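# Overview (structure and organization)
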Amino acid sequence: MTVKAYGSYASNKSLESMEITRRPPGAHDVQIDIAYCGVCHSDLHQVRAEWAGTIFPCVPGHEIVGRVSAVGAHVAGFKINDLVGVGCIVDSCQHCEECDAGQENYCDNMVGTYNGPTPDAPGHTLGGYSQQIVVHERYVLRIRHPEAQLAAVAPLLCAGITTYSPLRHWNAGPGKKVGVVGIGGLGHMGIKLAHAMGAHVVAFTTSESKRKAAKALGADEVVVSRNTDEMAAQAKSFDLILNTVAAPHNLDAYLCLLKRDGTMTLVGAPASPHPSPNVFHLIMKRRNLAGSMIGGIPETQEMLDFCAEHGIVSDIETIPMNYINTAYERLLKSDVRYRFVIDMASLKTAT
């Protein structure tokens with residue numbers, strides 16, 4: 001079937017209205033009418049070919065929420081009109097060690113919601129900046145938040161799981177001191193989630209003006225990273241630092257804040273590498289520098305359920321589809337608190 005979408009035909013072109021083809025639902029497929037789609041910084045990187053391998057036409061979007069409009073004959077877990085979501089993954093090999101462990105995000109054959117290989121036309125996946133999507137039931141997630149919060153749930157499908165997964169893996173919780181570097185789309189979710197898990201949360205920002213906002217999100221302390229005295233006061237005190245900054249920066253300044261056996265995990269993905277850290281900051285206290293990428297399907301469902309239980313959603317600005325190119329320019333300036341979400345009803349009239 002043909003549906004309306006928004007995407008780009010080349011890295012130097014603006015996003016524009018287009019028509020794309022979706023497959024009819026197979027036996028294990030769920031067809032979803034998309035209500036809202038979050039705007040992730042990786043959408044911008046991919047559509048502008050700042051990351052290698054972009055395939056055009058590129059229709060971004062992997063923070064998808066909506067209602068089931070059709071199901072395949074063998075789908076048992078979803079029915080028409082259910083509130084559901086689709087995140088960054090729409091397929092994987094389903095039989096490797098990672099898939100068997102529910103860690104499809106680390107499968108060598110993981111297929112992204114857009115820009116991934118598929119037998120469907122045009123030969124690569126097309127994302128959530130569209131009216132509809134058809135996804136295998138294994139990769140569809142149930143949403144238990146109230147419908148009135150649906151738009152603010154959308155960013156949980158990427159920003160939420162990207163921060164939830166490392167917090168869970170490194171056991172953030174009562175008695176743990178957790179730092180969150182950067183207060184943006186990822187960082188504001190990291191603060192909310194670490195706070196809900198019971199950790200002592202310290203937010204790091206370069207901006208004095210964000211102190212009040214970080215406290216409102218749940219930070220117990222706020223450190224302006226340009227203030228050397230404030231940074232020095234935090235030395236050797238953190239169990240975990242979640243670094244969400246998506247631009248190259250000095251990692252040593254934060255590695256020094258870890259206690260013995262502490263870990264800093266990187267979840268921000270810059271377009272060019274970070275400066276190499278000083279190895280002595282790692283070996284002298286047996287510190288760990290790690291990375292983490294989204295989460296598997298079971299963990300993403302766990303995250304959504306945790307957020308529903310604790311009343312956690314993203315702080316958003318809802319936009320019409322034809323505002324997306326302006327939103328990208330604002331995103332580059334960090335001019336959003338803290339996530340853009342597209343109202344897909346506006347796609348009907350977008351040009």
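Scroll up to find the structure this text is about.
The paragraphs below set out a description of the structure included in this document.

## Considering the environment of Ser8
- Relative to the helices and strands, Ser8 resides in the loop between strand E1 (2-7) and strand E2 (16-21).
- Ser8 gets classed as buried once you look at its relative accessible area, which sits at 0%.
- In this structure, the C-alpha to C-alpha distance between Ser8 and Val245, residues 237 residues apart in sequence, is 26 Å.
- Beyond its immediate chain neighbours, meaning those up to four positions away, Ser8 contacts Lys13, Ser14, Leu15, Met18, Val47, Phe56, Pro57 and Cys58.
- A distance of 2.6 Å separates a polar side-chain atom of Ser8 from the backbone oxygen of Ala10.

## Comments concerning the pattern of salt bridges
- This model, assessed by the stated rule, comprises 18 salt bridges.
- One salt bridge connects Asp29 with Arg23, and the closest N-O pair in it is separated by 2.9 Å.
- Taking relative accessible area as the criterion, Arg23 reaches 27% and is therefore assigned partly exposed.
- Asp82 is the partner of Lys79 in a salt bridge, and the nearest nitrogen-oxygen pair spans 3.1 Å.
- According to the relative accessible area criterion, Lys79 is exposed, its value standing at 55%.
- Residue class for Asp82 comes out buried when judged on its relative accessible area of 10%.
- When salt bridges with common partners are traced through the structure, they connect Arg23, Asp29 and Asp120 into a single cluster.

## Some details on the sheet that holds strand E12 (residues 221-224)
- Across the sheet, which stays open at both edges, the 6 strands sit in the order E12-E11-E10-E13-E14-E15 with parallel pairing between neighbours. Each edge of the sheet is formed by a strand with only one pairing partner; in this case those strands are E12 and strand E15 (288-291). Strand after strand, the sheet turns through a mean of 20° between neighbouring axes, direction not considered.
- Sitting on the sheet, helix H4 (residues 159-169) touches strand E10 (177-181), strand E13 (238-243) and strand E14 (258-266), and the angle it makes with E13 is about 160°.

## Thoughts on the side chain of His124
- Relative to the helices and strands, His124 is located in the loop between strand E7 (111-112) and strand E8 (132-136).
- Separated by 2.7 Å, the side chain of His124 and the backbone oxygen of Pro57 make a polar contact.
- With residues near it in sequence (within four places) discarded, His124 still touches Ile55, Phe56, Pro57, Gly116 and Thr118.

## What about the packing of aromatic side chains?
- All chains considered together, the criterion is met by 3 aromatic pairs.
- An angle of 55° between the planes, with centres 5.7 Å apart, marks the rings of Tyr164 and Phe306 as tilted. Of this pair, Tyr164 sits in helix H4 while Phe306 sits in helix H10 (residues 297-310), and the two are 142 residues apart along the sequence. Exposure class is identical for Tyr164 and Phe306. Each is buried.
- Each member of the aromatic cluster is reached from another via a ring pair, and the members are Phe204, Phe238 and Tyr254.

## Thoughts on helix H11 (residues 324-332)
- Taken together, the buried positions of H11 are Ile324, Ala327, Tyr328, Arg330 and Leu331. All buried residues of H11 lie within an arc of 165° about the axis, which places them on one face of the element.
- Here the buried face of H11 lies against E1, helix H1 (41-47), strand E16 (316-320) and strand E17 (339-343).
- Positive phi shows up at Ser334, right after H11, with a value of about 55°.

## A few points about the environment of Leu240
- In this structure, Leu240 sits in strand E13.
- Placed 173 residues apart in sequence, Leu240 and Arg67 show a C-alpha to C-alpha distance of 37 Å.
- Those residues within four positions of Leu240 in sequence are excluded, and the remaining contacts are Pro166, Leu167, Trp170, Lys177, Val178, Gly179, Leu258, Thr263 and Thr265.

## Quick word on the state of the cysteines
- All chains considered together, the criterion is met by 0 disulfides.
- Of all cysteine sulfurs, the one in Cys158 lies closest to Cys40, which takes part in no disulfide; the gap is 3.9 Å.
- Here Cys40 falls in the buried class, since its relative accessible area comes to 7%.

## Comments concerning the packing of H4 against helix H5 (residues 185-196)
- The N-to-C vectors of H4 and H5 enclose an angle of 50°; their axes lie 8 Å apart at closest approach. When the axis of H4 is compared with that of H5, the two are oblique. As H4 runs across H5, the sense of the crossing is right-handed. Taking contact as the criterion, the partners of Ala159, Gly160, Thr162, Thr163, Tyr164 and Leu167 in H4 are, on H5, Gly185, Leu186, Met189, Gly190, Leu193 and Ala194.

## Focus on the pairing of strand E3 (residues 29-38)
- Counted residue by residue, E3 has 7 buried out of 10 residues, so it is predominantly covered.
- Examined bridge by bridge, E3 and E8 share 5 bridges and lie antiparallel to one another. Paired with Asp29 across the two strands is His136, which belongs to E8.
- Relative to strand E4 (residues 64-71), E3 is paired through 7 bridges, and the arrangement is antiparallel. Pairing of Asp33 across the sheet is with Arg67, part of E4.

What counts and what doesn't
- Residues numbered from 1 in each chain as written.
- Predicted model: local features only at pLDDT ≥ 70, side-chain atom pairs only at ≥ 80, totals over all residues.
- Heavy atoms only, no water.
- Helix = DSSP H or I, 4+ residues; strand = E, 2+ residues; numbered from the N terminus.
- Buried < 20%, exposed > 50% of the residue type's maximum accessible area, 1.4 Å probe, protein only.
- Contact = heavy atoms within 4.5 Å.
- Polar contact = N/O pair within 3.5 Å; in protein donor to acceptor, adjacent residues only side chain to side chain.
- Salt bridge = Lys/Arg side-chain N within 4 Å of Asp/Glu carboxyl O.
- Pairing = 2+ DSSP bridges.
- Axes fitted to C-alpha atoms, helices over the stretch in contact; angles between N-to-C directions.
- Phe/Tyr/Trp six-rings, centres within 6.5 Å; stacked < 30°, edge-to-face > 60°.
- Arc of directions from axis to C-beta.
- Disulfide = S-S within 2.5 Å.
- Parallel < 35°, antiparallel > 145°, perpendicular 65-115°, else oblique.
- Left-handed = near helix turned anticlockwise from the far one by under 90°.

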